[in-house]
Amino acid sequence: MEEKKWWKEAVVYQIYPRSFMDSNGDGVGDLRGIKSRLSYLKLLGIDVIWLSPVYQSPNDDNGYDISDYRDIMTEFGTLEDFDEMLAEAHKLGIKIVMDLVVNHSSDEHRWFVESRKSKDNPYRDYYIWREAKDGKEPNNWGSCFGGSAWEYDQTTDMYYLHMFSKKQPDLNWENPKLRQEVYDMMTWWGERGIDGFRMDVITMISKDQRFPDGVVRGNEKFGDSSPYVNNGPRVHEYLKEMNRKVLSHYDLITVGEAAGVTLEEAKKYANADGSELNMVFQFEHTGGGPEADNHYGKWDSHKMPLPVWKKILSRWQTGLEGKAWNSLFLSNHDQPRSVSWFGNDSEQYREISAKMLGTCLHMMQGTPYVYQGEELGMTNIYFDKLEDYRDIESINYFEEFTESGLMTPEHMMKCLMLRSRDNARTPMQWDDSKQAGFTDGEPWIKVNQNYKKINAAQQLEDPDSIFHYYQKLIRLRKEKDIIVYGEFEPLYREDEQIFAYTRKGDQEKLLTVCNFSDKNAEVEVPEEFKGAECLITNLGRKEFDGKIILNPYEAFVLYYKHQVTEK
Ligand code: TEU
Ligand code: CA
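Residues numbered from 1 in each chain as written. Chains lettered and ligands numbered in written order. Predicted model: local features only at pLDDT ≥ 70, side-chain atom pairs only at ≥ 80, totals over all residues. Heavy atoms only, no water.

**Q** I'd like a rundown of the nonpolar core, residues and numbers included.
**A** Nonpolar side chains tend to gather and get buried jointly when the protein is soluble and globular. Counting 153 residues, the largest nonpolar core has Phe-82 and Met-186 as its most contacted members. Apart from the residues lying within four places of it in its own chain, the contact partners of Phe-82 are Leu-31, Leu-51, Val-54, Ile-72, Met-98, Trp-189 and Ile-194. (Core = buried A, V, L, I, M, F, W, Y, C linked by side-chain atoms within 4.5 Å. Buried < 20%, exposed > 50% of the residue type's maximum accessible area, 1.4 Å probe, protein only. Contact = heavy atoms within 4.5 Å.)

**Q** Could you give me a rundown of the site of ligand 1, with the residues and numbers involved?
**A** Surrounding ligand 1, one finds 16 residues, the nearest of these being Asp-61, Asp-200, Lys-298, Asp-334 and Arg-421. Note that an oxygen atom of ligand 1 is positioned 2.5 Å from one of the side-chain N or O atoms of Asp-61. Contact distances for ligand 1 include 2.3 Å between an oxygen atom and a side-chain N or O atom of Lys-298. For ligand 1, whose unbound accessible area comes to 490 Å², protein coverage reaches 89%. Residue composition of the shell around ligand 1, by class: 4 nonpolar, 3 polar and 9 charged. (Near = heavy atom within 4 Å. Polar contact = N/O pair within 3.5 Å; in protein donor to acceptor, adjacent residues only side chain to side chain. Areas by Shrake-Rupley, 256 points an atom, 1.4 Å probe, with all protein chains shown as cover. Nonpolar A, V, L, I, M, F, W, Y, C, P; charged D, E, K, R; others polar.)

**Q** Give me the side chain of Gln-317: which residues, what numbers.
**A** If you trace the backbone, Gln-317 turns up in helix α10 (residues 306-320). Not counting residues up to four positions away in its chain, the partners in contact with Gln-317 are Asn-326, Leu-328, Met-364, Gln-365 and Phe-488. (Helix = DSSP H or I, 4+ residues; strand = E, 2+ residues; numbered from the N terminus.)

**Q** Give me the packing of helix α12 (residues 350-362) against helix α16 (residues 466-479): which residues, what numbers.
**A** How two helices sit against one another is set out by the angle between their axes and by the gap between those axes. One can describe the packing of α12 onto α16 by two numbers: an axis separation of 10 Å at closest approach and a directional angle of 10°. Between α12 and α16, the interaxial angle falls into the category roughly parallel. Crossing of α12 over α16 shows right-handed handedness. Along its contact with α12, which presents Arg-350, Glu-351, Ala-354, Lys-355, Gly-358, Thr-359 and His-362, the element α16 presents Ile-466, Tyr-469, Tyr-470, Leu-473, Ile-474 and Arg-477. Residues belonging to the contact of α12 with α16 are distributed by class as follows: 6 nonpolar, 3 polar and 4 charged. (Axes fitted to C-alpha atoms, helices over the stretch in contact; angles between N-to-C directions. Parallel < 35°, antiparallel > 145°, perpendicular 65-115°, else oblique. Left-handed = near helix turned anticlockwise from the far one by under 90°.)

**Q** I'd like a rundown of the sheet that holds strand β12 (residues 327-328), residues and numbers included.
**A** Paired through their backbone hydrogen bonds, the strands of a sheet run either parallel or antiparallel. Taken together, 8 strands build an open sheet; the order of strands is β11-β10-β9-β5-β2-β1-β13-β12 and the sheet is parallel. The sheet is open, and its two borders are formed by β11 (279-281) and β12, each paired with just one other strand. (Pairing = 2+ DSSP bridges.)

**Q** Quick one: what's the story with the sheet that holds strand β7 (residues 150-153), residue by residue and with numbers?
**A** Read across the sheet, 3 strands follow the order β6-β8-β7 without closing on themselves; strand pairing throughout is antiparallel. Looking at the sheet topology across the chains shown, the edges are occupied by β6 (129-130) and β7. Where β6 meets strand β8 (residues 158-161), 2 bridges bridge the pair, whose relative direction is antiparallel. Looking at β8, one finds that Arg-130 is bridged to Tyr-159.

**Q** Any details on the coordination of the calcium ion (ligand 2)? Residues and values, ideally.
**A** Around the calcium ion (ligand 2), the donor atoms from the protein are Asp-22 (OD), Asn-24 (OD1), Asp-26 (OD), Val-28 (O) and Asp-30 (OD), and they sit 2.3 Å away. Linear spacing of the donor residues for the calcium ion (ligand 2) on their chain is D-x1-N-x1-D-x1-V-x1-D. Its relative accessible area of 3% is what places Asp-30 among the buried residues. (Donors = N, O, S within 2.8 Å, 3.2 Å for Na, K, Ca; no water.)

In structure tokens:
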């Protein structure tokens, strides 16, 4: 079995502060708002909160563009509010993880304001500047938010690199001074008492210094930068340095965001020897699968067939066993709502499929992450007007794809409904009062109109709610070591409706069975689980022997402990 660690036993809850709770009626969530809702999270039973960025920011990308790493965003409050929130959380036994966004800063950060002034400014090399090539951009890389990854700057007649928006210039990790600034800033937060870091696009911090053109596929406009940016030549060296200089001095939980990471790379980032990070977020299971057309990136409506999805998750489960540690998530602030994408958000199946998804995720090996509202089964917003969207990624791609004729506006609107990040960013639904109890004012983004039916107050009253089901899933992890540490093995691999797996330890074993389809499904409960105890189930089934017919989206977990005979 795996080595025991507190961060393996923890459940993390992600808060997107802008949309969680507004305390002063300006329509924007804030730190005092979070503080006022900590008791709700305590009741849910989570151990750790990951806060999406709360630093000073001009909000081109909702805080992922930081202009001062040592201050709080004006709209969110003050450092004093932060300290109060942290103290209150600690009093309740809840830890706080900060989002560390150091692949890039805001162009309004004083480092960049200095850097762009002249070629010999002391901060010049804090960023990545290159001369034009044949009168054009230094290479053909595209930005993750559309358009070129290079922006021309008149003052010095050079280009700077920005893998995201042009207001998010990439920091130059080749520069030891910049690295030390980052470590000092992290230490400053460590001393303030925070409990960990979620590291934004951390796999992108080391760029191939030759800056070669990327391959251009099909009718795409830009080259693929990923071989030269993701998991770059010095990334492990940098993380080891960060670990030595900062992380190893505290007892932190660390998770690196690692889109496109391979199993081999993940074993380095999250090595059990503790030299880099505790775990990474991999994203293979969030994509569209083999039928998705790569030319549209994430803007594709294909869903992955269940056998492919299972194969991916199973490969991560068994691949990291004993060598590294998994994170488990179905949604976050960049993804559609999990019940809308992986489950079924119809009136008939929303509740039952949300519970099934929770079961499937929480019974695997790894540290689970619950995204705000997931514990209520909150759904996609399905905005039908572009004006309702706020997200820079959605808006940029709408313009790029419809102007170039790649997609009709009608089709692109459908893609946004399925995939836009704003689906996850609508305000938390607290109760059935105006604006779902999120704010007394006008929210910065519209509230989902289903809040009268889907809200926390209602679910707290109902013992059978999704909230209480999640509460139980989280509690079970604390009661049964096997859920945290047991070895994973998939069953019925080719089954197109059912995801089933076992977890095994010395004396105990666990069986999880989930029907991912809206049809009945037949399953044979393995003989070795005959007479086992049911830990949790979403439809109240009592009998689990032999062949059973599962209802749509039904799920259950069986637990078996071997009798230890004394001699
Ligand atoms: O996301 C990184 C990332 O890979 C995104 O491009 C992601 O693929 C996209 O949002 C999915 O649609 C991180 C943050 O989570 C995201 O919110 C930020 O916008 C981004 O970095 C830049 O900081
Ligand atoms: Ca506010």
